[in-house]
Amino acid sequence: MGNFKERWNITSNWQMLIIFVVFAVTGSTSALIAKPILALFGITKETISIWLYFPLYIIIILPFYQVLLVTFGFLFGQFNFFWAFEKKMLRSMKLGFIADYFDSFSKK
């Protein structure tokens, strides 16, 4: 636990618990949202190959996960942590231009 606290610059065990709860809630919510969205487009396990279904499922989950992570982080009072985490994640996926775009609003 100390390694996480040091790496993520977390000050208390309570903050660590809140962060883990936000990750859990975000993952569960994004997984629940992806299935109906795929079904809306007529994509189900029965209509297409399972080899195509799961990559599409992951591609659909990803943007919702990003938005939900920051949203739940805000609702749980940890916006700064999750915004920094989100920017780091976007940059590692070579999508840093999105983080830079939103950062430009805060600099004005």
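Residue numbering note: each chain is counted from 1, following its sequence as written. In view of the model being predicted, local features appear only for residues whose pLDDT reaches at least 70, and side-chain atom pairs are presented and counted only at 80 or more, with totals across whole chains, interfaces and linings using the full set of residues. Neither water nor hydrogens contribute to the side-chain values; these are computed over all heavy atoms in the structure.

## Overview of a nonpolar patch on the surface
Then, in step 1: Patch membership requires over 30% relative accessible area and the absence of a salt bridge. Like charges are linked within 9 Å, and nonpolar side chains (Val, Leu, Ile, Met, Phe, Trp, Tyr) within 5 Å. Per-residue and other accessible areas were derived by the Shrake-Rupley procedure at a 1.4 Å probe size, with only the shown protein chains allowed to occlude residues. The working definition used for a salt bridge is a side-chain nitrogen of Lys or Arg within 4 Å of a carboxyl oxygen of Asp or Glu. Where nonpolar side chains cluster on the molecular surface, the patch consists of Trp14, Leu17, Val21, Phe74, Leu75, Phe76 and Phe79 and spans about 740 Å² of accessible area.
Then, in step 2: Looking at the nonpolar patch, the elements that each hand over two or more residues are α2 (13–40) and α3 (50–75).
Then, in step 3: The helix and strand labels rest on DSSP assignments: H or I over at least four residues marks a helix, E over at least two residues marks a strand, and numbering proceeds from the N terminus. Ranked by the residues each element gives to the nonpolar patch, the list is headed by α2, at three residues.
Then, in step 4: If you trace the backbone, Phe79 turns up in helix α4 (residues 79–92).

## Focus: the confidence of the model for the protein
Then, in step 1: The predictor's confidence in any single residue is recorded as pLDDT, a number from 0 to 100. With 89% of its residues at a pLDDT of 70 or more, the protein has an overall mean of 85.
Then, in step 2: Looking across the protein, the model is least confident in helix α5 (residues 96–106), with a mean pLDDT of 67, and most confident in α2, with 91.

## Details of the packing of α3 against α4
The relative placement of two packed helices is expressed as an angle between their axes plus a distance between the axes.
Then, in step 1: Where helices are involved, their axes are fitted lines through C-alpha atoms of the stretch in contact, as for all axes, and angles between N-to-C directions lie from 0 to 180°. Packing of α3 against α4 brings their axes to within 7 Å, and their N-to-C directions diverge by 160 degrees. Relative to α4, the element α3 lies roughly antiparallel. Considering how the two elements wind past one another, α3 and α4 form a crossing that is right-handed. Two secondary-structure elements touch here, α3 through Tyr65, Gln66, Leu69, Val70, Gly73 and Phe74 and α4 through Phe79, Phe82, Trp83, Phe85, Glu86 and Met89.
Then, in step 2: Under the convention adopted here, Pro, Cys and the residues Ala, Val, Leu, Ile, Met, Phe, Trp and Tyr are nonpolar, Asp, Glu, Lys and Arg are charged, and Gly plus all remaining residues are polar. Here the contact of α3 with α4 is built from residues that sort into nine nonpolar, two polar and one charged. Here the word oblique covers every angle except those under 35 degrees (roughly parallel), over 145 (roughly antiparallel) and from 65 to 115 (roughly perpendicular). If you view the pair so one helix is near and one far, a crossing is left-handed when the near helix is turned anticlockwise from the far one by less than a right angle, and right-handed when it is turned clockwise. The contact criterion used throughout is that any non-hydrogen atoms of two residues lie within 4.5 Å.

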